[in-house]
Amino acid sequence: MNTPNSDQIRRAPKVLLHDHLDGGLRPGTVVDLARETGYAALPETDPGRLGAWFRAAADSGSLERYLETFSHTVGVMQTRDALVRVAAECAEDLAADGVVYAEVRYAPEQHLEGGLSLEEVVEAVNEGFREGERRAREDGRRIRVGALLTAMRHAARALEIAELANRYRDLGVVGFDIAGAEAGHPPTRHLDAFEFLKRENNHFTIHAGEAFGLPSIWQALQWCGADRLGHGVRIVDDIQVGADGSVKLGRLASYVRDKRIPLELCPSSNLQTGAADSYAGHPIGLLRRLHFRATVNTDNRLMSGTSMSREFEHLVGAFGYTLDDMQWFSVNAMKSAFIPFDERLAMINDVIKPGYAELKSEWLFRQTASTSRSAVSDG
Ligand SMILES: O=c1[nH]cnc2c1ncn2[C@@H]1O[C@H](CO)[C@@H](O)[C@H]1O
Ligand SMILES: [Zn+2]
């Protein structure tokens, strides 16, 4: 009865925990910024063709090749103005898509080629997010955006970036992350950064269990102490489903479920990097049924040609999800956010639940309208 249509999916209040700033630019903005900043290496200069190029190039079945496409977005994000613009448009686009709370991540160390300092990068992005929130408000929409600072796992600046995240805590930055190719770059190389953040009572998530299996999830949780798992989708490798439908969880999968470790699942991204082979076959179906703390995310809207609404449309199509399922994912995500508990609770009770209640009640009024006099007398 409450299977949402596309319009309801878009209007439903959604919460996004895993979205890369440098993976979500508008194609037209990439073209504009390349022209303005003298970046000459773009493979296409027509926005439509460039958007298609990103989707196709990212569709390689390999995380390493997928990540190569970021050289072009990072390439045009090397000035203060470019960072402000990209961040403002990010907040605007998410708000227009019905996202009410988002944590958007990027790696400050990748934006220093034009001479900006790490602090200048963080301040430019924060300024852009505030500007985007303001524009959304002017359009009658509400969104809050927090930044996550990412350190690249192949590099050696994790402690420095963790310190940066800690310095900008309560100033727009809500946590820390590590990203990049998993193979050959275990998160344990960055233990000093995680230990620092734990001593500071700060929060972090780690990209783990995407291209690489259970050992990377185990390390992220039990060696590094991650609060959440970026992807974490391979946790299904520790779950056995019998022919009769019986389910057996291994020790790690049990731990993840029992401790309510949030999984930042990104279905479309997983299809592109080969971590899953179809929406209907995506582990999110099983993980939702087993009541893991599963959340739905975009990862990279440009590379996957997606949005939060599109991710949910795919899931509604594949699993028949209802507005109640969407609410469950959204509440899960809000519970798992890195902002203070009282603010999370207020978002759940005063924004998310009323938003779904409103959508769920729409069918009542549609029904009333169709029982007009003429419709009744015809029958
Ligand atoms: O799905 C992913 N797995 C691992 N790393 C990623 C993924 N998506 C993006 N990045 C990496 O994170 C950096 C900062 O935003 C991006 O530049 C990209 O290299
Ligand atoms: Zn990611």
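Residues numbered from 1 in each chain as written. Chains lettered and ligands numbered in written order. Predicted model: local features only at pLDDT ≥ 70, side-chain atom pairs only at ≥ 80, totals over all residues. Heavy atoms only, no water.

An unreviewed UniProt entry annotates the protein as Adenosine deaminase originating from Streptomyces poonensis. Under Sequence similarities (unreviewed entry), UniProt gives the following word-for-word description of the protein: "Belongs to the metallo-dependent hydrolases superfamily. Adenosine and AMP deaminases family. Adenosine deaminase subfamily." Regarding the protein, the UniProt comment filed under Function (unreviewed entry) reads as follows: "Catalyzes the hydrolytic deamination of adenosine and 2-deoxyadenosine." (UniProt positions renumbered as here; feature names shortened; annotations may be inferred.)

Looking at this model, I keep getting lost on the site of ligand 1. Mind explaining?
Near ligand 1 lie 16 residues; those nearest to it are H20, D22, Q110, E210 and D299. Contact distances for ligand 1 include 3.2 Å between an oxygen atom and a side-chain N or O atom of H231. Taken by itself ligand 1 offers 420 Å² of open surface, and the protein chains cover 98% of this. Looking at the shell around ligand 1 residue by residue, the classes come out as seven nonpolar, six polar and three charged. (Near = heavy atom within 4 Å. Polar contact = N/O pair within 3.5 Å; in protein donor to acceptor, adjacent residues only side chain to side chain. Areas by Shrake-Rupley, 256 points an atom, 1.4 Å probe, with all protein chains shown as cover. Nonpolar A, V, L, I, M, F, W, Y, C, P; charged D, E, K, R; others polar.)

Help me understand the sheet that holds strand β6 (residues 228-231) in this model?
In sheet architecture, strand pairing relies on hydrogen bonds along the backbone and comes in two forms, parallel and antiparallel. Taken together, eight strands build an open sheet; the order of strands is β1-β2-β3-β4-β5-β6-β9-β10 and the sheet is parallel. Because the sheet does not close on itself, it has two edges, and the strands there are β1 (14-20) and β10 (294-296). Each adjacent strand pair in this sheet contributes to an overall mean axis angle of 25°, direction not counted. The pairing of β1 with strand β2 (residues 99-106) spans five bridges and is parallel. Following the sheet pairing, L16 is matched in β2 by A102. Helix-sheet contacts for helix α6 (residues 80-96) involve β1, β2 and β3 (144-152), and the interaxial angle to β2 is about 145°. (Pairing = 2+ DSSP bridges. Helix = DSSP H or I, 4+ residues; strand = E, 2+ residues; numbered from the N terminus. Axes fitted to C-alpha atoms, helices over the stretch in contact; angles between N-to-C directions. Contact = heavy atoms within 4.5 Å.)

Sorry if this is basic, but what is going on with the coordination of the zinc ion (ligand 2) here?
For a metal with four donors in a tetrahedral arrangement, the ideal angle between donors is 109.5 degrees, while six donors in an octahedron ideally sit at 90 or 180 degrees. Within the protein, H18 (NE2), H20 (NE2), H207 (NE2) and D299 (OD) serve as the donor atoms for the zinc ion (ligand 2), at 2.1 to 2.2 Å. Each of the four donor atoms bound to the zinc ion (ligand 2) contributes to angles spanning 84 to 172°, and the resulting shape is irregular. The sequence motif formed by the donor residues of the zinc ion (ligand 2) is H-x1-H-x186-H-x91-D. One end of the pair, H18, is in strand β1; the other, H207, is in strand β5 (residues 204-208), with 189 residues separating them in the sequence. Grouping residues by exposure puts H18 and H207 together as buried. (Donors = N, O, S within 2.8 Å, 3.2 Å for Na, K, Ca; no water. Tetrahedral: all angles 85-135°; square planar, octahedral: opposite > 155°, others 65-115°. Buried < 20%, exposed > 50% of the residue type's maximum accessible area, 1.4 Å probe, protein only.)

Can you walk me through unusual backbone geometry in this structure?
Backbone phi values are negative for most residues with the exception of glycine, while trans is the configuration of most peptide bonds. Here N201, not a glycine, exhibits a phi torsion of approximately 55°, which is positive. Structurally, N201 is set in the loop between α9 (191-199) and β5. We note that H291 has phi near 60°; this positive angle belongs to a residue other than glycine. You can see H291 is positioned in the loop between α13 (284-289) and β10.

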